[in-house]
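Fold and contact review
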Amino acid sequence: MFWLFPPSADNSLSRVHERRSVYRRGIANRYFPLLMLVWSVWIFITPLYEPQFFPHWLWPTLISYALFLGMFYAAYYCDRRWLLANALGIALLGFALVPFNPGGQSYLIYSCAFLAFCGPAKRAIAWMLGLLAIFAIEWQLIGWPGIYLFSTVMISLAVGLMNISFARKARADAALMLSHEEVRRLAAVAERERIGRDLHDLLGHTLSLVALKSDLAARLVERDPAAALREIDDVSRVGRDALAQVRTAVTGIRAAGLAAELASARLLLESDGIAMTGPAELPSLSPEHEVVLALTLREAITNLQRHARATTADVRMQEEAGQLRLIIQDNGRGGAIVPGNGLSGMRERLEAV
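Residues numbered from 1 in each chain as written. Predicted model: local features only at pLDDT ≥ 70, side-chain atom pairs only at ≥ 80, totals over all residues. Heavy atoms only, no water.

1. Quick word on the environment of Leu297
Note that Leu297 resides in helix H11 (residues 287-308). Put simply, Leu297 and Ile327 are 30 residues apart on the chain and 9.2 Å apart in space, counted from C-alpha to C-alpha. Beyond its immediate stretch of four places on either side in the chain, Leu297 contacts Leu258, Glu261, Leu262, Val315, Leu326 and Ile328. (Helix = DSSP H or I, 4+ residues; strand = E, 2+ residues; numbered from the N terminus. Contact = heavy atoms within 4.5 Å.)

If you want it as structure tokens, here you go:
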């Protein structure tokens, strides 16, 4: 059994999905197609079992294999719009080679593997069944043993259906990443709107009052200097009050950052089958501490989702004696901790505060 998937999918969901693991994608791009070519060795081995029955297999096989390599490369790395044409071309190579070499049945398996990525699942299955039906007719007309036809049909369908399942999972993961990013984007938009409203409410009246008193002081400076000084003192007091109000507003605004991170964490974990419980209320934090805890939570949840193989996760915040403790627990497999860049960055940020 094996499966194939073209890494050059050119839709937005696939691009988002690829961003999840740049390293893994790079390894797959370089070595996975070569690994999948290993199965094509049966095209050359099959006629060697009974060489007296296939005296003219070599040159048709070599010509077909050269064409196959070109289509195989195109299916992986060229425009996705040509994937169906390449998959059907590989199937045609199988039809053409089977009279000279029954190992050409392997081309049908490759074709079905690529057809799984050619449109909706029902359409892909229809293509597979149609090609395999034509192949079965040809096989019977040639007179090859039916047991080999049965194995070819079963393997082709198994590989094709497995790849359809893989493609669905890839699209679901990509859609999840889009939702994950959408939560962050909407949280940022809501935060900007809230900041705008708060600043307008706080500063609109205050700045109007400052402008009015400044104009009044300018008119009184020659006629009544003492009154002008009082107005200037009022301007200074109003300015200090406005500054204090802005600082208070910024301290209140920061809570959405940690709240958004908790919502994003819940979305990520629960979509992966991990039940998450979180704090009902968030503590009052300074903006600096807010950012550090939000980034720490993000790193911990990312590690949990990737490595823990957990089914439940619990996020708690405990305030004790003027200290705040962030606790993230899961029921995963555990193991020795090997600090990487993420954990090292988390430790440095926490130590800094």
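2. As for the packing of helix H5 (residues 83-97) against helix H6 (residues 105-115)
Between H5 and H6, the shortest axis-to-axis distance is 8 Å and the interhelical angle comes to 165°. Our classification of the angle between H5 and H6 gives roughly antiparallel. As for how H5 packs across H6, the hand of that crossing is left-handed. Between H5 and H6, the residues in contact are Leu83, Leu84, Ala87, Leu88, Ile90, Ala91, Leu93, Gly94, Phe95 and Leu97 and Tyr107, Leu108, Tyr110, Ser111, Phe114 and Leu115, respectively. (Axes fitted to C-alpha atoms, helices over the stretch in contact; angles between N-to-C directions. Parallel < 35°, antiparallel > 145°, perpendicular 65-115°, else oblique. Left-handed = near helix turned anticlockwise from the far one by under 90°.)

3. Regarding the nonpolar core
Phe68, Phe72, Tyr107, Leu108, Phe114, Met128 and Phe135 are the most contacted members of the largest nonpolar core, which totals 41 residues. Elements represented by at least two residues in this core include exactly helix H2 (22-36), helix H4 (58-77), H5, H6, helix H7 (121-142) and helix H8 (146-223). Ranked by size, the runner-up nonpolar core spans 19 residues in total, among them Leu269, Leu293, Leu297 and Leu304. (Core = buried A, V, L, I, M, F, W, Y, C linked by side-chain atoms within 4.5 Å. Buried < 20%, exposed > 50% of the residue type's maximum accessible area, 1.4 Å probe, protein only.)

4. Quick look at the sheet that holds strand S1 (residues 275-277)
Strand order in the open sheet made by the three strands is S1-S2-S3, with mixed pairing throughout. Since the sheet does not close on itself, it has two edges, and those belong to S1 and strand S3 (323-330), each with one partner. Strand-to-strand twist of the sheet, defined as the mean angle between neighbouring strand axes without regard to direction, takes the value 10°. As judged from the three bridges shared by S1 and strand S2 (residues 312-320), these two strands associate in the parallel manner. Within the sheet, the bridge partner assigned to Met276 lies in S2 and is Ala313. Running over the sheet, H11 touches S2 and S3 and is turned about 15° from S3. (Pairing = 2+ DSSP bridges.)

5. Re the packing of aromatic side chains
Under the defined criterion, the tally for this structure stands at 14 aromatic pairs. Ring geometry for Phe68 against Tyr110: centres 5.0 Å apart, planes inclined by 65°, an arrangement best described as edge-to-face. Remark: Tyr110 occurs in helix H6 and Phe68 occurs in helix H4; sequence separation between them is 42 residues. Residues Phe68 and Tyr110 agree in their burial class; the two are buried. The structure contains a cluster of three or more aromatic residues connected by ring pairs, namely Phe44, Tyr65, Phe68, Phe72, Tyr73, Tyr76, Tyr77, Tyr107, Tyr110 and Phe114. (Phe/Tyr/Trp six-rings, centres within 6.5 Å; stacked < 30°, edge-to-face > 60°.)

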